[in-house]
Amino acid sequence: MPQNSKKLNMVQAINLALKEEMQRDSSVVILGEDVGRYGGVFRITEGLLELFGEERVIDTPLAESVIVGAAIGMAAYGLKPVAEIQFMGFIYPAIDQIFSHASRIRNRTRGRFTCPMVVRTPYGAGIKAPDLHSESTEALFCHMPGVKVVVPSSPYNAKGLLISSIRDPDPVIFLESTRLYRLIKEDVPEGEYTVPLGRARIVQEGKDVTVIAWGSMLHRVLQAVEEFNAEVIDLMTLNPLDEETIFKSVKKTGRVVIVHEAPKTCGFGAELSATIAEDAMLYLKAPIIRVTGYDVVMPLPKLEDYYIPTVERIKKGIEEVMRY
Amino acid sequence: MPERIIESFNIKRLDILDDNGNADESLTPSLSDSEIKRIYELLTLSRTFDHHALSLQREGRMGTYASILGQEASQIGSAFAIKKSDWIFPSFREMGVYITMGYPVHMLFQYWSGDERGMKCPDDLNIFPLAVPVGTQVPHAVGAAMAAKYKKDKVAVVCYFGDGGTSKGDFHEGFNMAGVFKLPVVFICQNNQWAISVPREKQTASKTLAQKAFAYGFEGIQVDGNDVLAVYKATKEALDKARNGGGPTFIECFTYRMGDHTTADDASRYRSKEEVEAWKAKDPILRLKLFMERNGLWTEQYQKEVEEKSRDMIDEAVKKEEAIERPHPEDMFAYTYESLTQRQIREMRDF
């Protein structure tokens, strides 16, 4: 099918994915704070209220638990809700609903009721935002079987992954990097295409070292690897993890650097390191290095640039594994 | 500018049957003789179920169980008004609701015996699995009601919880949303006076629980939860209102938990024998029996038949449940996601 492409940023790509899925399937509805009349605080849902009406683009009261809890009831009833939590730092009141119910409904009813819903939320630092507007606690959601965790790193993938997430039969936490929202533009086709969940992508091939990242960190990684013969993996889906792509690359390069914005302790990098150590240890030439945020409370804007892994820190991490 | 009253409220309380089974005829709902007998049979069946469940637990044949003793009228009275096409979001103490809706009884034993397959609701019913975290089912009911309204389905949604549940944030968030969107949902609180060891007056300083609805912009009513006719009438009216676009209703069934919180509890540690004794006189089944006797619907012979039939049904269900084979360990993997993950497939090799 011939498709027109346009240069879009991530905000526009996500908006397009929502619009097209809502046009295709009347069971797709959006709910959240300020998603309707205002078009969302990041303008992700702009124009959708006018197109689809207030029964499908629902401005809810300011209450995260019922936004997600109601989405669970809607999903069980047969709709495909896309709930927006305004910032990842505000998702904690809804964690009870995600952990205690969304993740478990299929299992607890042996498939009679399911929860095909998406919870979209902006995450990460770097936009000089107030307290609790810069969190990246993706690892929490990876520790909850029954939930999938998806993190796009570019407009093209954001659209394709969101379409897959909306069509997925299980609950998906969809994390959108606030710093990437308007940072890059790329060709995004109009019309239907999907990027499958559970599959990582090789962004660039290389021989000496595998650098694994996702979402916000990918672009700094690409800058950092310029002087190296590095293979870069964008995980895109954290859970379920595409172990195959990782193992294949590790077996080739023998060196691994994992980069994420979240604090080191119990970050998703810990799971990746352990997975690689368990199944590909004998292929490693060097210790696995994690370049991550620090084990501190996410700082306010004056210190956030010291917190987020920089191109320099990533380079240092790569240099360290290259010494072996 | 003077101070003035800009809003005030009244809370209705509905009683139809008194403790001796005398009915207020002006309020009695229109139920045929056979419907009244059916309600009596469901009350008896539910109590028999409860009794057997407690015995099975004591014998080590079943796990921890939350008794419904004393709350049968609140459960059967409300569920008798619900249609099969309606959606129900229960807490964990609504076995009488499941039984009234026609949920296979052996599956209830199966669930409480620790087999998740017991909560696989049959296709002709829409009963969500019982919710253990208190009050967290309220938002689900609200979401289902939003979906029903969007799809223009003529169904109502019913959500059950207890007095303890009214203290939870999800109660507030859910009620608030139901009011804002005028959703087709009926909230039923079985106020059984105790949340494990915490008495009703320590749960909230409100005089009634029903009045909480007022703050969310819809009607709340208190009914005698041991009066099956009153509970039925209030629920029927609320469901009709919901189906006809009239929005949500909150029904507080004022009842009493005659048993322990669960089989893992000992209520004698925190409440007096006298209090329990006083509620015995208000027994919901006895009250309907007296009413039926007065109206020529009850005889010793009928009682014997009802009890025998209930016992046989429950015995049969227990037998059926105990013959079910233990699930295969693969069963715990199979429903995490629609498809197994790469890692799960490897983990399953342990079995």
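Residues numbered from 1 in each chain as written. Chains lettered and ligands numbered in written order. Predicted model: local features only at pLDDT ≥ 70, side-chain atom pairs only at ≥ 80, totals over all residues. Heavy atoms only, no water.

K.L.:
Looking at this structure, how should I read the domain arrangement of chain A?
P.N.:
Bring the parts together and some accessible area is lost; that lost area is often taken as the interface size. Residues and elements named next belong to chain A. What the domain assignment reports for chain A is domain 1 (7-189) and domain 2 (201-322). Each side of the interface is counted separately: domain 1 has 30 residues, and domain 2 has 26 residues. Where domain 1 touches domain 2, the interface holds three salt bridges. Between K128 and D305 there is a salt bridge, with its nearest N and O atoms 3.5 Å apart. If you look at where domain 1 meets domain 2, you find 14 residue pairs in polar contact (both at pLDDT 80 or more). Of all the secondary-structure elements, those providing two or more residues to the side of domain 1 that touches domain 2 are α6 (138-142), β6 (148-150) and α7 (155-167). Taken together, the residues that form the side of domain 1 that touches domain 2 break down as 16 nonpolar, eight polar and six charged. (Domains from an automatic or database assignment. Contact = heavy atoms within 4.5 Å. Salt bridge = Lys/Arg side-chain N within 4 Å of Asp/Glu carboxyl O. Polar contact = N/O pair within 3.5 Å; in protein donor to acceptor, adjacent residues only side chain to side chain. Helix = DSSP H or I, 4+ residues; strand = E, 2+ residues; numbered from the N terminus. Nonpolar A, V, L, I, M, F, W, Y, C, P; charged D, E, K, R; others polar.)

K.L.:
Where do I start with helix α12 (residues 300-322) of chain B in this structure?
P.N.:
Note: α-helices contain 3.6 residues per turn, so residues at a spacing of three or four share the same orientation. Residue and element names in this part refer to chain B. Between the first and last C-alpha of α12 there are 33 Å, a value that for 23 residues agrees with the 33 Å anticipated at 1.5 Å per step. What α12 keeps buried is the set Y302, Q303, V306, S310, I314, A317, V318 and E321. Contact partners of the buried residues in α12: α1 (33-58), α4 (105-112) and α11 (284-294). (Expected span 1.5 Å × (residues − 1). Buried < 20%, exposed > 50% of the residue type's maximum accessible area, 1.4 Å probe, protein only.)

K.L.:
What am I meant to see in the state of the cysteines here?
P.N.:
Residue and element names in this part refer to chain B. Taken as a whole, this structure holds zero disulfides over all chains when the rule is applied. Between C189, a cysteine without a disulfide, and C253, which holds the nearest cysteine sulfur, the sulfur-to-sulfur distance is 7.8 Å. Taking relative accessible area as the criterion, C189 reaches 0% and is therefore assigned buried. (Disulfide = S-S within 2.5 Å.)

K.L.:
Where do I start with the packing of aromatic side chains in this structure?
P.N.:
Centre-to-centre distance and the angle between the planes together describe a pair of aromatic rings. Scanning all chains against the criterion turns up 34 aromatic pairs over all chains. Summarising the aromatic geometry, the rings of A:W214 and A:F268 are spaced 5.8 Å apart at their centres and angled 85° between planes, so their arrangement reads as edge-to-face. Of this pair, A:W214 sits in the loop between β10 (209-213) and α8 (218-224) while A:F268 sits in helix α10 (residues 268-280), and the two are 54 residues apart along the sequence. The same class applies to A:W214 and to A:F268, which are both buried. Look at B:F175 and B:F218: their rings are 5.5 Å apart centre to centre, the planes differ by 40°, and that puts the pair in the tilted class. With B:F175 in helix α6 (residues 169-180) and B:F218 in the loop between α8 (212-215) and β7 (219-224), the pair connects residues that are 43 residues apart, well separated along the chain. With respect to burial, B:F175 and B:F218 carry one shared label: buried. We note A:R43 situated over the ring of A:Y38; from NZ or CZ to the ring centre the distance is 4.4 Å. Sitting over the face of the ring of B:W298, B:K289 holds its NZ or CZ atom 4.4 Å from the ring centroid. (Phe/Tyr/Trp six-rings, centres within 6.5 Å; stacked < 30°, edge-to-face > 60°. Lys NZ or Arg CZ within 6 Å of the ring centre and 35° of its normal.)

K.L.:
Would you mind showing me how to read the layout of surface pockets here?
P.N.:
Regions of empty space are outlined by a rolling probe, equal in size to a water molecule, passed over the atoms. The space that makes up the largest pocket amounts to roughly 830 Å³. Lining of the largest pocket is provided by 32 residues; of these, A:C142, A:H143, A:M144, A:P145 and A:N239 occupy positions nearest its centre. At the level of elements, α5 (105-108), α6, β12 (237-239) and α10 of chain A together with α13 (331-334) and α14 (342-347) of chain B are the ones that each hand at least two residues to the lining of the largest pocket. The element that contributes the greatest number of residues to the lining of the largest pocket is α14(B), accounting for four residues. Of the residues assigned to the lining of the largest pocket, the class counts are 15 nonpolar, ten polar and seven charged. Of all elements in the fold, only β3 (157-162) and β5 (194-195) of chain B reach the threshold of two or more residues within the lining of the second largest pocket. Partitioned by chemical class, the residues of the lining of the second largest pocket number six nonpolar, ten polar and three charged. (1 Å grid on protein atoms, 1.4 Å probe; cavity = no way out; pocket = protein on both sides within 12 Å on 5 of 7 lines; lining within 4 Å. Points joined across faces, edges and corners; volume = space filled by probe spheres on them.)

K.L.:
Looking at this structure, how should I read the interface of chain A and chain B?
P.N.:
Taken together, the contact pairs 51 residues of chain A with 47 residues of chain B. Both faces combined, the contact of chain A with chain B buries some 4100 Å², and carbon together with sulfur accounts for 59% of it. The tally of links between chain A and chain B comes to seven salt bridges. One salt bridge in this structure joins A:R112 and B:D123, with 3.8 Å as the shortest N-O distance. One can count 26 residue pairs in polar contact (both at pLDDT 80 or more) joining chain A with chain B. Counting residues per element, the ones that place at least two in the side of chain A that touches chain B are β2 (28-32), β3 (57-59), α3 (64-77), α4 (92-102), α5, α9 (243-253) and α10 of chain A. At ten residues, the largest contribution of residues to the side of chain A that touches chain B is made by α3(A). (Buried area = accessible area lost by both parts, 1.4 Å probe.)

K.L.:
What am I meant to see in the pairing of β7(B) here?
P.N.:
Along a regular strand, successive side chains alternate from one face of the sheet to the other. All names here are of chain B. Among the six residues in β7, five count as buried, and that is most of the element. Bridge count between strand β1 (residues 12-14) and β7: three bridges; the pairing is parallel. Of the residues in β7, the one forming a bridge with K12 is I221. Inspection of the sheet shows β7 paired to strand β8 (residues 249-254) by six bridges, in the parallel sense. Note on β8: the bridge partner recorded for D224 is F254. Once the chain exits β7 it traverses helix α9 (residues 228-243) before rejoining the sheet at β8, and the crossover so formed is right-handed. (Pairing = 2+ DSSP bridges. Right-handed = clockwise from strand over helix to strand, strands pointing away.)

K.L.:
Help me understand the pattern of salt bridges in this model?
P.N.:
Opposite charge on two side chains allows them to pair when their charged atoms are near. Across all of its chains, the model carries 42 salt bridges over all chains by this definition. One salt-bridge network, in which partners are shared between bridges, spans A:E243, A:E271, A:D279, B:R343 and B:R346.

K.L.:
What should I look at first to understand the packing of α3(A) against helix α5 (residues 138-150) of chain B in this one?
P.N.:
The packing of two helices is summarised by the inter-axis angle and the distance between the axes. Between α3(A) and α5(B), the least distance of the axes is 6 Å, while the angle of their chain directions is 55°. The angle between the axes of α3(A) and α5(B) places the two elements in the oblique class. Taken as a pair, α3(A) and α5(B) cross one another with a handedness that is right-handed. For the pair formed by α3(A) and α5(B), the contact residues are A:S65, A:V66, A:G69, A:A70, A:I72, A:G73, A:M74 and A:Y77 on the first element and B:P139, B:H140, B:G143, B:A144, B:M146, B:A147 and B:A148 on the second. Classifying every residue of the contact of α3(A) with α5(B) gives ten nonpolar, five polar and no charged. (Axes fitted to C-alpha atoms, helices over the stretch in contact; angles between N-to-C directions. Parallel < 35°, antiparallel > 145°, perpendicular 65-115°, else oblique. Left-handed = near helix turned anticlockwise from the far one by under 90°.)

K.L.:
How should the environment of B:L183 be read in this particular structure?
P.N.:
Residues and elements named next belong to chain B. Note that L183 resides in the loop between α6 and β4 (185-191). For the pair formed by L183 and K241, sequence separation is 58 residues and the distance between their alpha carbons is 10 Å. Those residues in contact with L183 that sit more than four places away from it in its chain are V142, A145, M146, K149, M177, A178, G247 and P248.

K.L.:
Help me understand a negative patch on the surface, please; the structure alone is not making it clear to me.
P.N.:
Residue and element names in this part refer to chain B. There is a patch of like negative charges on the surface, built from E305, E307, E308, D312, D315 and E316. You can see D312 is positioned in helix α12. By relative accessible area, which is 48% here, D312 ends up partly exposed. (Patch = residues over 30% accessible without salt bridge, like charges linked within 9 Å, V, L, I, M, F, W, Y side chains within 5 Å. Areas by Shrake-Rupley, 256 points an atom, 1.4 Å probe, with all protein chains shown as cover. Lys, Arg positive; Asp, Glu negative; His and termini not counted. Charge placed at Lys NZ, Arg CZ, Asp CG, Glu CD.)

K.L.:
How do you make sense of the sheet that holds strand β7 (residues 172-177) of chain A when you look at a structure like this?
P.N.:
The pairing of strands in a sheet comes from backbone hydrogen bonds and takes either a parallel or an antiparallel form. Residue and element names in this part refer to chain A. Read from one edge of the open sheet, seven strands run β3-β2-β4-β5-β7-β6-β12, paired in mixed fashion. Since the sheet does not close on itself, it has two edges, and those belong to β3 and β12, each with one partner. Adjacent strand axes in the sheet meet at a mean angle of 20° when their direction is disregarded. As defined by bridge partners, β2 adjoins β3 across three bridges and the pair is classed as parallel.

K.L.:
In this structure, what is going on with a nonpolar patch on the surface? I would like to understand it.
P.N.:
Residue and element names in this part refer to chain A. On the surface, a cluster of nonpolar side chains totalling about 230 Å² of accessible area is made up of Y92, L132 and L140. Looking at the element boundaries, L140 is found in helix α6. Accessibility expressed as a relative area gives 38% for L140, which makes it partly exposed.

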